[in-house]
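Inside the fold
Spelled out from the first residue to the last, the chains are:
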Amino acid sequence: MSGERSGPSPASARGWVLALAAVASVMAALDTLVVSTALGTIRDDLGSSVEELEWTVNAYSLSFAVLLPTAAAFGDRFGRRLMFGTGLAGFVLASAACALSRDVPTLVAARAVQGVGAALVMTLALALVGAAFPAERRGMAIGVLQGVTGLGVGCGPLVGGAIADGLAWEWIFWLNVPIGLLALPLVFTRLPESFGTRTTLDLPGVALVSGGAFGSVWGLVRGNSVGWGSPEVIYAFVAGAVLTIGFVRWELRSPAPMVPMRLFRSRAFSAGNAVSFFMTASLFIGVFFFAQFLQNTLGYGPLDAGLRLLPWTGTLFVCAPIAGALADRVGERPLLTGGLLLQAIGMGWLALLAEPGLSYGAMIAPLAVAGCGISMAIPTVQSSVVGAVDRAEIGTAAGINGMMRQLGGVFGIAVAVAIFAGAGSYASPAAFADGFVPVAALGAGLSLAGAATGLLLPARRPTTPPAGSPGTPTRIDAASVG
């Protein structure tokens, strides 16, 4: 954390920093996937279409994605504790608004605000912990933080299913309110303030990338409803493309870009981010549709669906640490390409099996194969990206990679829903299965695209560069960048 205007905190404050950062981060991480097993219940209660339903996930991911690269700059300029607390307060208020929503537009708007709060919380939790702990203990503290955050991600579908089944879907969001209200006073009384040297905000960059992503997603969402050749869809795609090109041109000229384009000269950085996009697009297709298939085609309730997804989600806790350790020996490329091939096999296998009356037992093996694959890929692709830049730019690289992952999830769901709406529906178990088959095949195809892109990664790099060497790529554990 070189160049900061505050050093490590006293030992008495470090425990509070780590505990509060972990609590807030797990809340934000949980809400990334917690709605997955409650989507059917939300659809029935609010009477939403599949196109409207996807925005309950995409609104969160989209606002989360576009703010990730600049959230650290907000903290550096205005104070990390202040912006962390502001993000947590916004997240709590938006959670209450989600729970009180009685129609889809209100829920979607509240989810978008939640995403803004989550970006501030998760980015600045990492920055606060990094600033509070001395260098010799920083890796341990960040590992604990990201381990707890990963637990929230992995448990999201199960927690969402349990709450939707045992209480009501609104309690998925009400759960955040008392925890956040208890944490907020402690944030402002127990955490030390810290600042950084990056104080310039690239607001035009945020606006351009937000508009570009929104235009493209809007065109994908509305295509089946109004026609792919309609003026609305064509204008949306054109606007998305123009704004995206404008974003790239602005970032090339900006004195303080949110996404420094020079980083993409590195093959490892470019390929790693492209792999992240394909990988998360495939993963979010599974997040959005697997639980719904279990409920709408096979007839399970939300909790039963969450439990039956454990062969898929539970592999994260076993495979990810092993993959991270193996990457130090064999490099990221074999694990990344192999992991995405396994995910492609698992999702393709499910596409071949999917039909009404399918035995759950037949799903266990493909779910486990896909889960092992994605659990191998996630830590290795993140490690590849941050290992491709100078030590001083690790935070920037992690923010860009986080944005690419979230945008990949948004586009994956948008394309999958367009395909589902054209091939199937919620009218019957058979109709849902008809739509699920091409969607699962799409997930397999995106995984294969990620695996093929992963072959462009450089071969294994040294894992212990000379200490203090400027411009030397740095390999760090993927847990430390979320």
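A quick note: this is a predicted structure, and the numbers were derived from the prediction, not measured.

Calculation rules
- Residues numbered from 1 in each chain as written.
- Predicted model: local features only at pLDDT ≥ 70, side-chain atom pairs only at ≥ 80, totals over all residues.
- Heavy atoms only, no water.
- Helix = DSSP H or I, 4+ residues; strand = E, 2+ residues; numbered from the N terminus.
- Buried < 20%, exposed > 50% of the residue type's maximum accessible area, 1.4 Å probe, protein only.
- Contact = heavy atoms within 4.5 Å.
- Areas by Shrake-Rupley, 256 points an atom, 1.4 Å probe, with all protein chains shown as cover.
- Expected span 1.5 Å × (residues − 1).
- Axes fitted to C-alpha atoms, helices over the stretch in contact; angles between N-to-C directions.
- Parallel < 35°, antiparallel > 145°, perpendicular 65-115°, else oblique.
- Left-handed = near helix turned anticlockwise from the far one by under 90°.
- Nonpolar A, V, L, I, M, F, W, Y, C, P; charged D, E, K, R; others polar.
- Phe/Tyr/Trp six-rings, centres within 6.5 Å; stacked < 30°, edge-to-face > 60°.
- Lys NZ or Arg CZ within 6 Å of the ring centre and 35° of its normal.
- Salt bridge = Lys/Arg side-chain N within 4 Å of Asp/Glu carboxyl O.
- 1 Å grid on protein atoms, 1.4 Å probe; cavity = no way out; pocket = protein on both sides within 12 Å on 5 of 7 lines; lining within 4 Å.
- Points joined across faces, edges and corners; volume = space filled by probe spheres on them.
- Patch = residues over 30% accessible without salt bridge, like charges linked within 9 Å, V, L, I, M, F, W, Y side chains within 5 Å.

**Overview of the overall build of the protein**
In terms of helices and strands, the protein carries 18 helices and zero strands. In the protein, buried positions account for 56% of the 482 residues. Here the contacts in the protein between residues at least 6 apart in sequence split such that 83% fall between residues at least 24 apart. By element, 68% of the accessible surface of the protein is carried by carbon and sulfur atoms, the whole surface being about 17,900 Å².

**Focus on helix α10 (residues 231-253)**
Spanning 23 residues, α10 covers 33 Å between terminal C-alpha atoms, matching the ideal 33 Å at 1.5 Å per step. Among the residues of α10, Val 233, Ala 236, Gly 240, Phe 247 and Glu 251 are the ones counted as buried.

**Here's the deal with the packing of helix α4 (residues 80-100) against helix α8 (residues 176-190)**
Between α4 and α8, the least distance of the axes is 9 Å, while the angle of their chain directions is 160°. Taken together, α4 and α8 sit at an angle that is classed as roughly antiparallel. Once α4 is placed against α8, the crossing between them reads as left-handed. Together, Arg 81, Leu 82, Phe 84, Gly 85, Thr 86, Leu 88, Ala 89, Phe 91, Val 92, Ser 95 and Ala 96 of α4 and Asn 176, Val 177, Gly 180, Leu 181, Ala 183, Leu 184, Val 187 and Phe 188 of α8 make up the contact between the two elements. Tallied by class, residues from the contact of α4 with α8 come to 13 nonpolar, five polar and one charged.

**Notes on the packing of aromatic side chains**
Applying the stated criterion across every chain yields a total of 18 aromatic pairs. An angle of 55° between the planes, with centres 6.1 Å apart, marks the rings of Phe 290 and Phe 436 as tilted. You can see Phe 290 sitting in helix α11 (residues 267-296) and its partner Phe 436 sitting in helix α18 (residues 429-454), a full 146 residues away along the chain. By relative accessible area, which is 4% here, Phe 290 ends up buried. Pairwise contacts between aromatic rings join Phe 288, Phe 289, Phe 420, Tyr 426 and Phe 432 into one cluster. Sitting over the ring of Tyr 360, Arg 308 keeps its end group 5.4 Å from the ring centre.

**A few points about the pattern of salt bridges**
Tallied over the entire structure, the rule returns four salt bridges. Measuring nitrogen to oxygen at the nearest pair gives 3.4 Å for the salt bridge that ties Asp 44 to Arg 43. In this structure Asp 44 comes out as exposed when scored by relative accessible area, which is 57%. For Arg 43, a relative accessible area of 15% translates into the label buried. Measuring nitrogen to oxygen at the nearest pair gives 3.8 Å for the salt bridge that ties Asp 304 to Arg 308. Placement of both Asp 304 and Arg 308 in helix α12 (residues 302-308) is noted, with a separation of four residues, approximately one turn of the helix. Under the relative-accessibility criterion, Asp 304 is labelled partly exposed at 32%.

**A look at the layout of surface pockets**
Using a probe with the size of a water molecule, rolled over the atoms, empty space left in the structure can be pinpointed. Of the voids in this model, the second largest pocket is the one considered here, and its volume is about 250 Å³. Around the second largest pocket sit 16 residues that line it, and Val 209, Thr 244, Phe 247, Met 404 and Leu 407 are the ones nearest its centre. Of all elements in the fold, only α9 (203-226), α10 and α17 (394-423) reach the threshold of two or more residues within the lining of the second largest pocket. For the lining of the second largest pocket, a count of residues per class yields 13 nonpolar, three polar and no charged.

**Focus: the environment of Cys 372**
Residue position: Cys 372 is located in helix α16 (residues 361-386). Residues Cys 372 and Gly 339 lie 33 residues apart in sequence; the distance between their C-alpha atoms is 7.1 Å. Sequence-distant contacts of Cys 372, that is, excluding residues within four places in its chain, are made with Thr 315 and Cys 319.

**With respect to the environment of Ala 305**
Structurally, Ala 305 can be placed in helix α12. In the structure, Ala 305 is positioned 144 residues away from Gly 161 in sequence and 6.9 Å away in space, judged by C-alpha atoms. In this view, Ala 305 contacts Ala 291, Leu 294, Gln 295 and Tyr 300; residues no more than four positions away in its chain are not counted.

**Quick word on a nonpolar patch on the surface**
Among the surface-exposed residues, Phe 317, Val 318, Ile 322, Leu 326 and Val 330 lie close enough to one another that they form a single nonpolar patch of about 420 Å² accessible area. Along the chain, Val 318 turns up in helix α14 (residues 316-330). Relative accessible area serves as the criterion here: at 52%, Val 318 is assigned to the exposed category.

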